[in-house]
Amino acid sequence: MGNGYMGKVLFVDLSTKQFREEKIEDDIYRKFLGGYGLGVRVLYENMKPGTDPLGPSNILGFVTGPPDGTGAISSAKVTVVSKSPLTGTWGDSTVGDGFGPELKRTGYDAVFFTGRSDKPVYCLLNEENKEIRDASHIWGKDTYETVDLIREEAYRDAKVACIGPSGEELSLVSCLIVNKYRAAGRSGLGAVMGSKNLKAFAVRGTQDISVADGAKLESLNEQIEKELGKRPSWFMNLLSKIFIPLLPFLARRGVSFPVAPAVVIQMFTRYGTCAGTASSAAMQDSPIKNWKGTQRDFPMRSKASKISDENVIKYEKEKYGCPGCPIKCGGIIELKAGKYALKEPSRKPEYETLASFGSLLLNDDVESIFSASDICNRYGLDTISAGSAIAFAIECYETGLITKEDTGVELKWGDPDCILAMLRQIVERKGFGDILADGVKVAASKIGKGSEKFALHVGGQALPMHDPRNAPGYGATYVVDATPGKHTAGGAGFADLGMKSEIVTLPQVSKHDYENKGKSHFLMSDVHQIITCSGLCIFPPSLMMPKYPLLELVNAVTGWSLTMEELLKIGERIQMLRHCFNLREGFKPGDFKLPARAIGEPPLTYGPLKDIKIDAEAMQKSCLREMGVDELTGKPSLEKIKDLGLEDLIQL
């Protein structure tokens, strides 16, 4: 066992109910770190090309990072990895709430599930026992009920990752829910879990995790906590109060201003990610009316502000956050009365949920969004994909491609009742909801009639709530990262929004310089590979602390004495192997394209994105060149593979 690692992983064969431990050599940790880095190393080696994502040969992994469980601030994540049934590509999704540290304290850096159980089961793991338990009595229960039942049967304080009925029904946009309130939302991994008849994975660990330099780690924690405790000066607060109401006016004229880190920290501490819902709509970072609308359709003052900041947290009964995090961006809300009343406290919706059930659908009823969020959490459904599917359906209805005879409900923009009625059909896979339950790409293929132009996705995954016309770096991430259509994969998107990281020195490139986007994009992408694969939250290093001590933290935990160049090489290696996973599955760069609306075809005629059309092809080529792969085939050169030390895995 090395510093920051337990030195072994666990394979669970659900077909035979057998457990197998495997030691991991130090060299593999040094090359792939953890998270989806270690995950892709294991899956690439142990899975054949062409594996059916919903078949027993697919592997579902839960992988930690070296700081997990060490007490490092904001290190509470685990990454779930598999071949995605939604996209057919590499799939991953990261979730917090302490599942990663708890898993590692059981004695394993990762657990990989293979095979398929002949009946519903759940896996229970601690440092002394490994069990496969019958889950027939839990199958069909929602995620809240599932967590409660497993904790009653096993350990009161167990961390539980589970699926709801949507995962059981193999919805391709289903997800995993951890401890009721956090989601590994993207890539359709709930369907993988459901295909294996694995209802839940519960962990409880108490083992200590050694670090190389405890004093240094404590010093870094103090530094990070001090930075995250900073609040803006009275003058900066005054400027913010002046400028935020002016955002629509400024944005329509293409004017933006960087937000000071202290302001971001203050906003996230008070509101969480719902802090920027209104301003994002004003800047049209949030897509409006299925990506074809403008500020006129969803004005900041009269509509967007109703689903943002104070109008969200007034329902908050308590703050909620990952263990050891001083920000605590989450919250628990109560809604006891009214037509959208919740039967029990629920999680506060994140920005992506507020936008996908808000601006995307022209819905300004925040209580209906609470209901939609609660339904998705209980059934285990990705809120981005669900909101996008409903937006797609409304536009199909509006243009006459489908009728009330098809849907069973009249679909209208901004009508919360029809939105929730269709959502219930989706989570139950009933009526027209059965068509939408596998995402917009599948739905469009079933409807036809030109509906494809209303389906905003990359590779089958609905686009997140960040418009590439506003921040082109997001567009680069959506098509170049191995997990298509995912906004948390890193790259130039944060910089395009004015968030400047100093972890690495980025070249000065304007956000609409598509020909030269590649270098800055991949530098930040490499950094994000390290952040995510370490099990760290992306918010402090990406949004709150420009000088986040990432290198120092990794070295203090592991004792490796890496240089920044060596650390970035790890990130590049991880990115390349994920890319080659997709190549081996038959995918090429040309298979991933931004939808026409997302690049400005046709251009909008009003607002901050008026007349903007991004050169997505030039941007993608620039990124691929910087990555060191062929622009058409996506294949890396033999020299690049050798430089990254991947010649033992990748056969060109």
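All of the points below concern the structure found in this document. Please read all numbers here as calculations on a predicted model, not as lab measurements.

**Considerations on the pairing of strand β7 (residues 121-126)**
With respect to burial, β7 is a largely interior element, six of its six residues being buried. On β7, burial covers both faces: V121, C123 and L125 on one face and Y122, L124 and N126 on the other are all buried. Of the strand pairs in this sheet, β7 and strand β8 (residues 130-134) are connected by five bridges, and their pairing is antiparallel. Bridge pairing in β8 places V121 opposite D134. Linking β7 back to β8 in an antiparallel pair, the connection comprises three residues. As paired elements, β7 and strand β12 (residues 198-204) share six bridges and run parallel to each other. In the sheet register, L125 faces β12, and the bridge partner there is V203.

**Observations regarding the sheet that holds β8**
Pairing is mixed across the open sheet formed by six strands, whose spatial order is β8-β7-β12-β9-β10-β11. Whereas interior strands pair on both sides, the edge strands pair on one side only; in this sheet they are β8 and β11 (182-184). Across the sheet, the axes of successive neighbouring strands diverge by a mean angle of 20 degrees, strand direction being ignored. Contacts between helix α4 (residues 143-153) and the sheet are confined to β7, β8, β9 (159-162), β10 (176-178) and β12, with β9 contributing the most and set at about 140 degrees to the helix.

**Re helix α7 (residues 214-228)**
Its 15 residues give α7 an end-to-end C-alpha distance of 21 Å, which sits within 8% of 21 Å, the value for a rise of 1.5 Å per residue. Taken together, the buried residues of α7 touch α10 (261-271), α23 (539-544) and α24 (550-558).

**Some details on the sheet that holds strand β5 (residues 90-95)**
Taking strand neighbours across the sheet as the criterion, the six strands line up as β2-β1-β6-β3-β4-β5 in an open arrangement whose pairing is mixed. The outermost strands of the open sheet, each flanked by one partner alone, are β2 (18-23) and β5. Geometrically, the sheet is characterised by an average inter-axis angle of 20 degrees between neighbouring strands, direction not taken into account. Here strand β1 (residues 8-13) runs beside strand β6 (residues 110-114); their pairing, made up of five bridges, is parallel. Bridged to V9 within β6 is A110. Those strands touched by helix α2 (residues 35-46) are β1, β3 (60-63), β4 (78-83), β5 and β6, and its axis lies near 25 degrees from that of β4.

**So, the packing of helix α15 (residues 383-398) against helix α17 (residues 416-428)**
A pair of packed helices is captured by two measures, namely the crossing angle of their axes and the spacing between those axes. It is at 10 Å that the axes of α15 and α17 come closest, and there the two elements cross at 115 degrees. α17 is crossed by α15, and the crossing has right-handed handedness. Of the residues in α17, those touching α15 at A386, A389 and I390 are I419, M422, L423 and I426.

**Overview of the side chain of S308**
With respect to the helices and strands, S308 occurs in the loop between α11 (277-283) and α12 (310-313). Overall, S308 belongs to the buried group, its relative accessible area being 0%. Reaching out from S308, the side chain makes a polar contact with the backbone nitrogen of A278 at a distance of 3.1 Å. The contacts of S308, once residues within four sequence positions are left out, are C274, A275, G276, T277 and A278.

**A short note on unusual backbone geometry**
The omega angle of the peptide bond from E601 to P602 is -5 degrees, so this bond is cis rather than trans. Among the secondary structure elements, P602 is positioned in the loop between α26 (596-599) and α27 (616-627). Even without being glycine, L33 reaches a positive phi, approximately 65 degrees. Mapping L33 onto the fold places it in the loop between α1 (26-32) and α2. With relative accessibility at 0%, the residue L33 sits in the buried group.

**A short note on the nonpolar core**
Ranked by internal contacts, the top residues of the largest apolar core, which has 165 residues, are F112, F357, F392 and L423. Among the elements that line this core, the one with the most residues is α15, at 10 residues. Residues in contact with F392, not counting those within four places in the same chain, are N290, L436, V440, A443, A444, I447, S451, F454 and A455. In terms of nonpolar packing, the next biggest core, distinct from the first, is built from 27 residues, L10, F99, Y108 and F201 among them.

**Some thoughts on the packing of aromatic side chains**
In the structure shown here, the tally under the stated rule is 16 aromatic pairs. For the pair F62 and F99, a centre-to-centre distance of 5.9 Å together with 40 degrees between the ring planes defines the contact as tilted. Of the two residues, F62 is situated in strand β3 and F99 in helix α3 (residues 99-104); the sequence distance between them amounts to 37 residues. Pair check on accessibility: F62 and F99 agree, each one buried. Considering the side-chain rings of W90 and F581, the 5.2 Å spacing of their centres and the 80 degrees angle between planes classify their relative orientation as edge-to-face. Highlighted residues: W90 in strand β5 and F581 in helix α25 (residues 564-584), separated in sequence by 491 residues. You can call F581 buried: its relative accessible area is 1%. Pairwise contacts between aromatic rings join F62, F99, F113 and F201 into one cluster. Geometry around Y144 places R378 over its ring, the cationic atom sitting 4.2 Å from the centre.

Rules behind the numbers
Residues numbered from 1 in each chain as written. Predicted model: local features only at pLDDT ≥ 70, side-chain atom pairs only at ≥ 80, totals over all residues. Heavy atoms only, no water. Buried < 20%, exposed > 50% of the residue type's maximum accessible area, 1.4 Å probe, protein only. Helix = DSSP H or I, 4+ residues; strand = E, 2+ residues; numbered from the N terminus. Pairing = 2+ DSSP bridges. Axes fitted to C-alpha atoms, helices over the stretch in contact; angles between N-to-C directions. Contact = heavy atoms within 4.5 Å. Expected span 1.5 Å × (residues − 1). Left-handed = near helix turned anticlockwise from the far one by under 90°. Polar contact = N/O pair within 3.5 Å; in protein donor to acceptor, adjacent residues only side chain to side chain. Core = buried A, V, L, I, M, F, W, Y, C linked by side-chain atoms within 4.5 Å. Phe/Tyr/Trp six-rings, centres within 6.5 Å; stacked < 30°, edge-to-face > 60°. Lys NZ or Arg CZ within 6 Å of the ring centre and 35° of its normal.

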